[in-house]
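Single-letter residue listing:
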Protein chains: 2
Amino acid sequence: MRNLLAKTLFALLLLANAAFAADPLPSWNDGPAKQSIINFVTKVTKAGSPDFVPAPERIATFDNDGTLWSEQPMYFQLLFTVDRVKALAPQHPEWQTQEPFASLLKGDMKGVMAGGEKALLELVMATHAGMTTEEFDKTVKDWLATARHPKTGKRYTEMVYQPMLEVLTYLRANGFKTFIVSGGGIEFMRPWTEKVYGVPPEQVVGSSIKTQWETRSGKPALVRLPEINFIDDKTGKPVGINSHIGRRPISAFGNSDGDRQMLEWTQAGDGARLMVLVHHDDAKREWAYGPESKIGTFSDALMAEAKKQGWTVVSMKNDWIRIYPFE
Amino acid sequence: MRNLLAKTLFALLLLANAAFAADPLPSWNDGPAKQSIINFVTKVTKAGSPDFVPAPERIATFDNDGTLWSEQPMYFQLLFTVDRVKALAPQHPEWQTQEPFASLLKGDMKGVMAGGEKALLELVMATHAGMTTEEFDKTVKDWLATARHPKTGKRYTEMVYQPMLEVLTYLRANGFKTFIVSGGGIEFMRPWTEKVYGVPPEQVVGSSIKTQWETRSGKPALVRLPEINFIDDKTGKPVGINSHIGRRPISAFGNSDGDRQMLEWTQAGDGARLMVLVHHDDAKREWAYGPESKIGTFSDALMAEAKKQGWTVVSMKNDWIRIYPFE
């Protein structure tokens, strides 16, 4: 008995030691970006340190499109919308002649875009409203199970960034609560974020349409209405954070102008803070885009602010050993 | 060494055994109400049971006013509002003649109520809007630190129900996430729910006014606007649950007609469910009120539905050994 216990204890010690020594961010090249994340986590979790933050206040927020998964050639939710219009077209013969549906069904995305924001909103409402929350949840899951990305041929949920998965895990292992704060639809993300990112539905903040309580087939239902409820982008991000989390993050991760105010709001709190921007500069392994891109615009003004404020800018090309888990 | 280890293991066994045997709800009299809670928790947490629910899906929602703390002679947030009008009156000489402020400042609450919902809304906006979220947070904390209940003379945060504190703790010890879903103001509750109930800000759902991103003294701020954003009552409760939690609760606790749809929504899910209504029938130790009360109305229709659906109705008089922790 004594021998067995001693052996077990020794094995546990070895394991604990290995876990301690292991690199929490193995897909990150050693460099200032990786170091800024590790330094921050180390100082806010060290009891007695002047930068120590109690676990319940360790809130970290993550943009989704372009920060946790890819967003090219367009936001994946837009690709979902296109697929849904095609799937629903047989029930809507009027769409054959009615814009922006007619252009979309002819594969003419330029024609769709000519309709501007109004056209996009129409497409979104036609595909995201009119059903119960549970029906929409199932539609999203069914789509993700079969749809493939036009360039990589991979499932969309495979096109998440391995280095960011490691950051999420590393933060949670250090007592952080990780939240998604995205311009994307809250109910488009919730069906899969727990499985893919380890982020449960109640820790997802996003844009939304209104829902309404109804009785359907004798049972209560929440029906999705074709009416904007909240846009979780730009100044909407701090508003969404306040509404859903009720606490200022101590760390925020983004990749575009839409994340600027979230990072500013995070930085404006007291104590140690970590603001990170992912820069898409890897045309070979992912995409390279910046100030000129309509999707995920990273303006020169944002880059200047990042430098001035000491925010961490991650070069996907130089800082990341791997982009996707499947590599 | 062997002796020490054996002793330690034995002590641990004893402790584990004691913890197991201890009554998780010591302020509850033995009876069907207490038993329904324990039975439910036992079956949804028992691995292999047909009623087993994985921990991330163990969501329990609690109304606040009348379910977790008292709500008489009026909602405590209204008493806060009254105190704030008095405190702010010197800066608003016009209130001396302007209704509903004039009546309130004369102590004529009947005159205030004569103005109906519009008058109440005016009082709320005058006291809850116009400042930053951080300023409001501080105002609530300062008030709670000094204000005393007109009947008991206790701090408002002392007038929470000991048996419900035990339910919150018991559920969390069994892997549940406990959420507040209240008609009260979300930012009125968040400053104190973590300390008083163990419910962190991100697990509080409530009514809200709009907030707006501004720059104040060179720093970003969220300013509270005199405009309703969301009313988290009646059919609003399932809507608020869907918006904030994104998952249907498996258990819900309320005490009035405002909670009916939350309980119906909870019950309509698959698998084991627990719906509980606290009935205020203890005029001696708390208050006794029901269908005729304007605050916390518990209509005959609600009681009939509870009986028909098999919801647990808690008699404060008979089921609770203690009401408040200070007793």
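Residues numbered from 1 in each chain as written. Chains lettered and ligands numbered in written order. Predicted model: local features only at pLDDT ≥ 70, side-chain atom pairs only at ≥ 80, totals over all residues. Heavy atoms only, no water.

Q: Got a minute to help me understand the overall build of chain A in this structure?
A: Counting its regular elements, chain A contains 13 helices and seven strands. Taken over the C-alpha trace, chain A has a radius of gyration of 22 Å; the compact-globule value for 327 residues is 20 Å, and the two agree within 12%. When the backbone C-alpha atoms are referred to their principal axes, chain A occupies close to 75 × 55 × 40 Å. The long-range fraction of contacts in chain A, counting pairs at least 24 apart against all pairs at least 6 apart in sequence, stands at 66%. Of the accessible surface of chain A, which amounts to about 14700 Å², a share of 56% is contributed by carbon and sulfur atoms. Charge centroids of chain A, computed over 38 positive and 38 negative side chains, lie 5 Å from each other. (Helix = DSSP H or I, 4+ residues; strand = E, 2+ residues; numbered from the N terminus. Rg over C-alpha atoms; globule rule 2.2 N^0.38 Å. Contact = heavy atoms within 4.5 Å. Areas by Shrake-Rupley, 256 points an atom, 1.4 Å probe, with all protein chains shown as cover. Lys, Arg positive; Asp, Glu negative; His and termini not counted. Charge placed at Lys NZ, Arg CZ, Asp CG, Glu CD.)

Q: Hey, could you run me through the interface of chain B and chain A in this one?
A: As a measure of interface size, the accessible area lost when the parts come together is often cited. With 35 residues of chain B at the contact, the number on the chain A side is 35 residues. Between chain B and chain A, a total of about 3100 Å² is buried, with carbon and sulfur atoms accounting for 56% of that surface. The salt bridge involving Arg247(A) is made with Glu194(B); its shortest N-O contact spans 2.4 Å. Seen at the junction of chain B and chain A, the total is 18 residue pairs in polar contact (both at pLDDT 80 or more). Mapped onto the side of chain B that touches chain A, the elements with two or more residues apiece are helix H1 (2–21), helix H7 (133–146), strand E2 (177–185), helix H9 (186–197), strand E3 (204–216), strand E4 (219–230), helix H10 (236–244) and helix H11 (260–267) of chain B. (Buried area = accessible area lost by both parts, 1.4 Å probe. Salt bridge = Lys/Arg side-chain N within 4 Å of Asp/Glu carboxyl O. Polar contact = N/O pair within 3.5 Å; in protein donor to acceptor, adjacent residues only side chain to side chain.)

Q: Sorry if this is basic, but what is going on with empty space enclosed by the protein here?
A: If a probe the size of a water molecule is rolled over the atoms, the empty space left behind becomes visible. Residues and elements named next belong to chain A. A full pass over the atoms with the stated rule returns one cavity of 30 Å³ or more. When its volume is computed, the largest cavity comes out at roughly 30 Å³. If you go around the largest cavity, the residues you meet are Leu78, Thr81, Val82, Leu104, Met109, Val112, Leu120 and Leu123. Of all the elements in the fold, those that place two or more residues in the lining of the largest cavity are helix H3 (76–88), helix H5 (109–114) and helix H6 (116–128). (1 Å grid on protein atoms, 1.4 Å probe; cavity = no way out; pocket = protein on both sides within 12 Å on 5 of 7 lines; lining within 4 Å. Points joined across faces, edges and corners; volume = space filled by probe spheres on them.)

Q: Teacher, can you tell me more about the sheet that holds strand E4 (residues 219–230) of chain A here?
A: Two orientations exist for strands paired in a sheet by backbone hydrogen bonds: parallel and antiparallel. Residues and elements named next belong to chain A. The strand order E4-E3-E2-E1-E5-E6-E7 describes an open sheet built from seven strands, whose pairing is mixed. The outermost strands of the open sheet, each flanked by one partner alone, are E4 and strand E7 (312–315). Strand-to-strand twist of the sheet, defined as the mean angle between neighbouring strand axes without regard to direction, takes the value 30 degrees. The pairing of strand E2 (residues 177–185) with strand E3 (residues 204–216) spans three bridges and is parallel. Residue pairing in the sheet places Gly185 in a bridge with Ser207 of E3. (Pairing = 2+ DSSP bridges. Axes fitted to C-alpha atoms, helices over the stretch in contact; angles between N-to-C directions.)

Q: What's the story with the relation of the copies chain B and chain A in this structure? I'm lost.
A: The transformation that overlays chain B on chain A combines an axial shift of 0.0 Å with a rotation of 180 degrees, and the residual RMSD is 0.0 Å. What we have between these two chains is a two-fold relation. (Least-squares fit on C-alpha atoms with pLDDT ≥ 70 in both.)

Q: Help me out: how do you make sense of unusual backbone geometry in this one?
A: Excluding glycine, most residues fall at negative phi; most peptide bonds, likewise, are trans. All names here are of chain B. Each neighbour pair has its own omega, and for Gln72 with Pro73 the value is 0 degrees, a cis peptide bond. Position of Pro73 among the secondary structure elements: in the loop between strand E1 (59–62) and helix H3 (76–88). Of note, the bond from Glu99 into Pro100 is cis; its omega dihedral lies within 30 degrees of zero at 0 degrees. With respect to the helices and strands, Pro100 occurs in the loop between H3 and helix H4 (101–105). In this structure, Ser217 takes a positive phi of about 50 degrees despite not being glycine.

Q: Help me out: how do you make sense of the packing of aromatic side chains in this one?
A: Residue and element names in this part refer to chain B. Per the counting criterion, the structure on display carries 34 aromatic pairs over all chains. Taking the centre distance of 6.0 Å and the plane angle of 85 degrees together, the rings of Phe80 and Phe136 count as edge-to-face. Of this pair, Phe80 sits in helix H3 while Phe136 is found in helix H7, placing the two residues 56 residues apart along the sequence. Where Phe80 meets Phe188, the ring centres are 5.2 Å apart and the plane angle is 50 degrees; that geometry is what we call tilted. Residue Phe80 is found in helix H3, and its partner Phe188 is found in helix H9; the two are separated by 108 residues along the sequence. (Phe/Tyr/Trp six-rings, centres within 6.5 Å; stacked < 30°, edge-to-face > 60°.)

Q: So what exactly am I meant to see when it comes to the sheet that holds strand E6 (residues 274–279) of chain B here?
A: All names here are of chain B. Judged by pairing direction, the sheet is mixed, and its seven strands sit side by side in the order E4-E3-E2-E1-E5-E6-E7 without closing on themselves. Both outer strands of the open sheet, E4 and strand E7 (312–315), are each paired with one neighbouring strand and no more. When the angles between neighbouring strand axes are averaged without regard to direction, this sheet yields 30 degrees. Two elements, E1 and E2, share four bridges in a ladder whose sense is parallel. Paired with Ile59 across the bridge in E2 is Lys177. Packing of helix H6 (residues 116–128) onto the sheet brings it into contact with E3 and E4, and relative to E4 it is tilted by some 175 degrees.

Q: I tried to follow the pattern of salt bridges on my own but got confused; where do I start?
A: When charged atoms on two side chains of opposite charge get close, those side chains can pair. Summed over all chains, the structure comprises 32 salt bridges over all chains. A salt bridge links Asp282(B) to Arg285(B), with the shortest nitrogen-to-oxygen separation between them at 2.7 Å. Linked by salt bridges that have partners in common, Asp23(A), Asp30(A) and Lys34(A) make up one network.

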